[in-house]
Amino acid sequence: MKQILKALLLGPCIVLTAGCATGKSESFTFTADLPPNFAYYAIAKYAPAKDETCTVTLDDNPYLGFNREWRTEYKPESEIPVYRTVKGCLLAIYKIDLEINATYGKTRGDFSGDTTAVIVLEQLEEQYKGAFDATGENAINGQCQWLFRTVGPKRYIRKLLECKKIDDQGMVTKGRPVGAYTLDQLPGKTVKLKIKLADEERPGWGDTWVKVPNGWKRCMGKGFEDQDAYCFGNHKDFSSFKMPDGRSCTIYPGCTE
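In short, a report on the structure.

Definitions and limits used
- Residues numbered from 1 in each chain as written.
- Predicted model: local features only at pLDDT ≥ 70, side-chain atom pairs only at ≥ 80, totals over all residues.
- Heavy atoms only, no water.
- Salt bridge = Lys/Arg side-chain N within 4 Å of Asp/Glu carboxyl O.
- Helix = DSSP H or I, 4+ residues; strand = E, 2+ residues; numbered from the N terminus.
- Buried < 20%, exposed > 50% of the residue type's maximum accessible area, 1.4 Å probe, protein only.
- Pairing = 2+ DSSP bridges.
- Disulfide = S-S within 2.5 Å.

Considerations on the pattern of salt bridges
No. 1: For the structure shown, the criterion picks out 10 salt bridges.
No. 2: For Glu162, the salt bridge identified is with Arg202, shortest N-O distance 3.2 Å. One end of the pair, Glu162, is in strand E11 (residues 156-165); the other, Arg202, is in strand E14 (residues 202-203), with 40 residues separating them in the sequence.
No. 3: Taking the relative accessible area as the measure of exposure, Glu162 reaches 25% and is therefore partly exposed.
No. 4: Because the salt bridges share partners, they merge into one network encompassing Lys45, Lys95 and Asp97.

As structure tokens, then:
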């Protein structure tokens, strides 16, 4: 009865926390400007809007997924509702969980990713709130870095992706490229994730590679059975390793010296 009365009183408009937004879009565009071989996967999460007394469970499918099949059916633009009605319950978006994925080889396992998010709140201090330009767009700027390592007795190259936020001064920070907005900001707007790739890759951790003029050389350690193979000051004994395409190499990333 409550839902019927609401529909009769308000007609086709949607009940928002700030009133009825007749004639305004109740969705926004999420898009991404990513390096080659990159893609994002997004899950938009919803909960009952303010003043709603209803409840939903995961069985009610309150979430929306975008680019689930990012390898084969990737679309950079996603139209995301700000509000949805599920089983008569008015839901408002509160978060978008994001995966930034990238491939570096031809086999299915030759990929890595990092996570970030878009946060949506009822209220937010101005200093944390994303500001839209005259075209209705706001950019979340970030940089991703490839971290390389070797695994297995043949020392195959594997890469990990690490993504950080770029601040308003153009500096890479320690935090993830997270965006934050209020519900009333989003309808009809565009949120763009803009990611650039760091110019150089770097070792994944520790004292395991030595920088040389034309790349990196892998320390031998105690032998190929030594999976950690730290240098421990020995910058003379190096090992070969395997590139993702199977080539045997002695220097990364150029393969041959």
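The discussion continues.
A closer look at the pairing of strand E13 (residues 190-197)
No. 1: Sheet topology places strand E3 (residues 27-33) next to E13; five bridges connect them, and they run parallel. Note on E13: the bridge partner recorded for Phe30 is Val191.
No. 2: Judged from the eight bridges that link them, strand E10 (residues 137-151) and E13 form a sheet pairing that is parallel. Bridging from a neighbouring strand, Gln143 pairs with Lys196 of E13.

Overview of the state of the cysteines
No. 1: Tallied over the full model, the rule gives four disulfides.
No. 2: Across the disulfide from Cys249 sits Cys255; the S-S distance is 2.0 Å. Measuring the twist about the S-S bond at about -85°, one finds the Cys249-Cys255 disulfide to be left-handed. Across this residue pair, the class does not change: Cys249 and Cys255 are buried.

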